[in-house]
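# Residue-level structural notes
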Amino acid sequence: MLRSRAGTRIRKRRKREDVIKYVVVGRAGGRRLIIKSHLNSHPSTTSTRHTTQRLDTTSPPRKMQRHLKETRGKRTTIRYIKHKLLPRSRPEFEPVYMMQSTMHAAVLNSGTQIPLLGLGTYKLRTYEELYKSISAALDAGYRAFDTAAAYGNEAQLGRVLRELLPKHGLKRSDVFLISKLGPEDHGPRAKEGCLRSLQQLGCEYIDLYLVHWPGVADLEPTDPLHAKYRSQSWAILEELYDSGKIKAIGVSNYTVSHLLELLGSCHVPPAVLQMECHPKLVQKQLREVCKEAGVHFQAYSSLGKGALLEDPEVKDLAGSRGRTPAQVLLRWAVQQGISVLPRSSQPQSVQENSRIFDFELSNKEMQRLSDLNCDTRYCTRDSTSIR
Ligand SMILES: NC(=O)c1ccc[n+]([C@@H]2O[C@H](COP(=O)([O-])OP(=O)(O)OC[C@H]3O[C@@H](n4cnc5c(N)ncnc54)[C@H](OP(=O)(O)O)[C@@H]3O)[C@@H](O)[C@H]2O)c1
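Remember, it's a predicted structure, so these values are computed and weren't measured experimentally.

Our focus in this paragraph is the overall build of the chain. Scanning the chain from terminus to terminus reveals 12 helices and 14 strands. Taking contacts inside the chain between residues at least 6 apart in sequence as the whole, the part at least 24 apart equals 71%.

Below you can see the structure in the form of structure tokens.
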């Protein structure tokens, strides 16, 4: 229920317009394509209704658009997101995996949905810390959680979720779990690494599994083994994806050249690239390549590890909108379709960071934030030197 002044305005807008976004996700043989659509309310509403349909047509997008207009009524706006076929070697369309969630989400090229807001868990190591943050996050509507083998908290995160989900009337399938392959498990050890993550989390599947780092642990940046092991790791992730143990696969900290190398050789394209991104590091080129290739871009360290919350420009803009610095930084990302993973050990901040879907930044405000770009990294490790 929307009660704020902004909410009243939004409700009026929702009446005027429903937006259908759809994506071609598979091939059913010959030229017939299976299309998944989802009905989105206006982007600035607090909740989103998603419906997924399997519609066969021989001539998207025009025929598809006509069909959707007819079935949804005249006030419907239809936006064609992407026309991405799965590789030919995957002729069967996998059943659509839908989450029961009220969160805003993006559709991945795997056909699954990823919530635009997730909780980062780096440095939340103990049971108590995780319990406190995750409990607040579930209350606030978060349905995605980001961990990694390297964070050393997969087992505790799994335990906390097993305890908290039933208390919130939720099932495993209602949340989206992200984990990552550690750099020491690159190459021949990748399968072992992923199975260990599954076992630590205590899950039958992981929603998104990322190669955490383009390089192998303990090798010089120019060592040719990096490329060889990257390729081996990806082939293993593809096998695990085919087996259903991982619902989507992706990469993290890949530069444009790492990503192009992967896109040129893969059998299953990456669904997600997770990278540091915020107004001081807008990642223009990398995001363009992702968009072109149908790879969802996910930001980490959106708050600059807390440092951006003190930036005078960010504070000034937030003040003028009656929002907090964290909220405008997160809104800047999600308004561009970038998913975010803010981390906080404080329940109040976890809740604050979730209130980013009930307002919209103007083009001028978005530009003002983007103009802060100066290629500043708050994560000191830089993957650009990895060959
Ligand atoms: N793939 C990768 O290589 C990679 C690298 C880095 C991060 N990540 C992922 O991205 C997540 C987020 O990035 P991050 O942990 O680097 O940093 P971040 O989310 O940019 O910032 C976290 C910091 O901001 C503070 N904070 C959060 N919300 C706040 C609020 N509303 N008001 C005031 N302070 C607030 C937190 O302090 P309190 O705890 O005191 O609130 C914490 O110190 C990570 O947890 C991890 O899951 C991935």
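We now examine the packing of helix α3 (residues 127–140) against helix α4 (residues 154–167). Between α3 and α4, the shortest axis-to-axis distance is 9 Å and the interhelical angle comes to 45 degrees. Relative to α4, the element α3 is oriented oblique. At the point where α3 passes α4, the crossing takes the right-handed sense. Contact with α3, carried on its side by Y127, L130, Y131, I134, S135 and L138, involves Q156, L157, R159, V160, L161 and L164 of α4 and no other residues of that element. Class assignment for the residues of the contact of α3 with α4 results in nine nonpolar, two polar and one charged.

Here the focus is the site of the ligand. Every one of the 27 residues lining the ligand counts as a neighbour, but G120, Y122, Y300, G306 and R343 are closest to it. Ranked by residues supplied to the shell around the ligand, first place goes to helix α11 (residues 347–354) with three residues.

Relative placement of two packed helices is described by the angle separating their axes and the distance separating the axes. Viewed as axis vectors pointing N to C, helix α5 (residues 190–201) and helix α6 (residues 225–243) meet at an angle of 50 degrees, and their least axial separation amounts to 9 Å. Taken as axis vectors, α5 and α6 run oblique relative to one another. Seen from above, α5 lies across α6 with right-handed handedness. Side by side, α5 and α6 meet where A190, K191 and C194 of the first sit next to Q232, S233, I236, L237 and L240 of the second. Class assignment for the residues of the contact of α5 with α6 results in five nonpolar, two polar and one charged.

We now examine the sheet that holds strand β11 (residues 249–252). Strand order in this open sheet of eight strands is β7-β8-β9-β10-β11-β12-β13-β14, and the pairing throughout is parallel. The open sheet has two edge strands, β7 (119–120) and β14 (339–340), and neither has a second partner. Pairing analysis gives two bridges linking strand β13 (residues 296–300) to β14, with the strands arranged parallel. Bridge pairing in β14 links A299 to V340. In this fold α5 packs onto β9 (176–181) and β10 (208–211), with an angle of close to 140 degrees to the strand it touches most, β9.

With that settled, consider the nonpolar core. Judged by nonpolar contacts, the single largest core of 78 residues is most densely connected at L208, Y209, V272 and L273. Among the elements that take part in this core, helix α10 (residues 325–334) stands out by supplying six residues, more than any other. Each residue touching L273, except ones within four places of it in the same chain, is listed here: G250, V251, Y254, L259, C290, V295, F297 and Q298.

A separate point is the environment of Q232. Residue placement: Q232 occurs in helix α6. Assessed through the 16 C-beta atoms surrounding it within 10 Å, Q232 is described here as partly exposed. Sequence spacing of Q232 and P188 is 44 residues, and the spatial spacing of their C-alpha atoms is 6.7 Å. Residues contacting Q232, with those up to four places away along its chain left out, are G187, P188 and A190.

Quick look at unusual backbone geometry now. In this model, S301 sits at a positive phi of 50 degrees, which is unusual for a non-glycine residue. Relative to the elements of secondary structure, S301 occurs in the loop between β13 and α9 (312–321). S301 sits in the buried class, given 23 other C-beta atoms within 10 Å. A positive phi angle is found at K305, which is not glycine, with a value near 60 degrees.

What follows is about the pairing of β13. Most of β13 is tucked away: five of the five residues are buried. Inspection of the sheet shows strand β12 (residues 272–276) paired to β13 by five bridges, in the parallel sense. Bridged to V272 within β13 is H296.

Bringing the environment of P342 into the picture now. Note that P342 resides in the loop between β14 and α11. According to the C-beta neighbour criterion, P342 is buried, with 28 such atoms within 10 Å. Separated by 221 residues in the primary sequence, P342 and T121 have C-alpha atoms spaced 8.6 Å apart. When residues no more than four places from it in sequence are discounted, the contact partners of P342 are G120, S302, L303, A326, L330 and N353.

Another point: the pairing of β10. Burial along β10 is two-sided: L208 and L210 facing one way and Y209 and V211 facing the other are all buried. Looking at chain direction, β9 and β10 are connected through four bridges and run parallel. Counterpart to L181 in the pairing with β10 is V211. A crossover connection joins β9 to the parallel β10 through α5; in handedness this β-α-β unit is right-handed.

Attention now goes to α4. In a regular helix each residue adds 1.5 Å, so 14 residues correspond to 20 Å; α4 covers 20 Å between its end C-alpha atoms and thus fits that length. For α4, the set of buried residues is E154, Q156, L157, G158, V160 and L161. Phi turns positive, to about 65 degrees, at G169, one or two residues after α4.

The subject of this paragraph is the environment of Y300. Within the secondary structure, Y300 is located in strand β13. Taking the C-alpha atoms as reference, Y300 lies 8.7 Å from S339; in sequence the two are 39 residues apart. Those residues in contact with Y300 that lie beyond four places of it in its chain are G120, Q274, M275, E276 and L341.

Parameters and conventions
Residues numbered from 1 in each chain as written. Predicted model: local features only at pLDDT ≥ 70, side-chain atom pairs only at ≥ 80, totals over all residues. Helix = DSSP H or I, 4+ residues; strand = E, 2+ residues; numbered from the N terminus. Contact = placed C-beta atoms within 7 Å. Axes fitted to C-alpha atoms, helices over the stretch in contact; angles between N-to-C directions. Parallel < 35°, antiparallel > 145°, perpendicular 65-115°, else oblique. Left-handed = near helix turned anticlockwise from the far one by under 90°. Nonpolar A, V, L, I, M, F, W, Y, C, P; charged D, E, K, R; others polar. Near = placed C-beta within 6 Å. Pairing = 2+ DSSP bridges. Core = buried A, V, L, I, M, F, W, Y, C linked by C-beta atoms within 7 Å. Buried ≥ 20, exposed ≤ 12 C-beta atoms within 10 Å, placed from the backbone. Right-handed = clockwise from strand over helix to strand, strands pointing away. Expected span 1.5 Å × (residues − 1).

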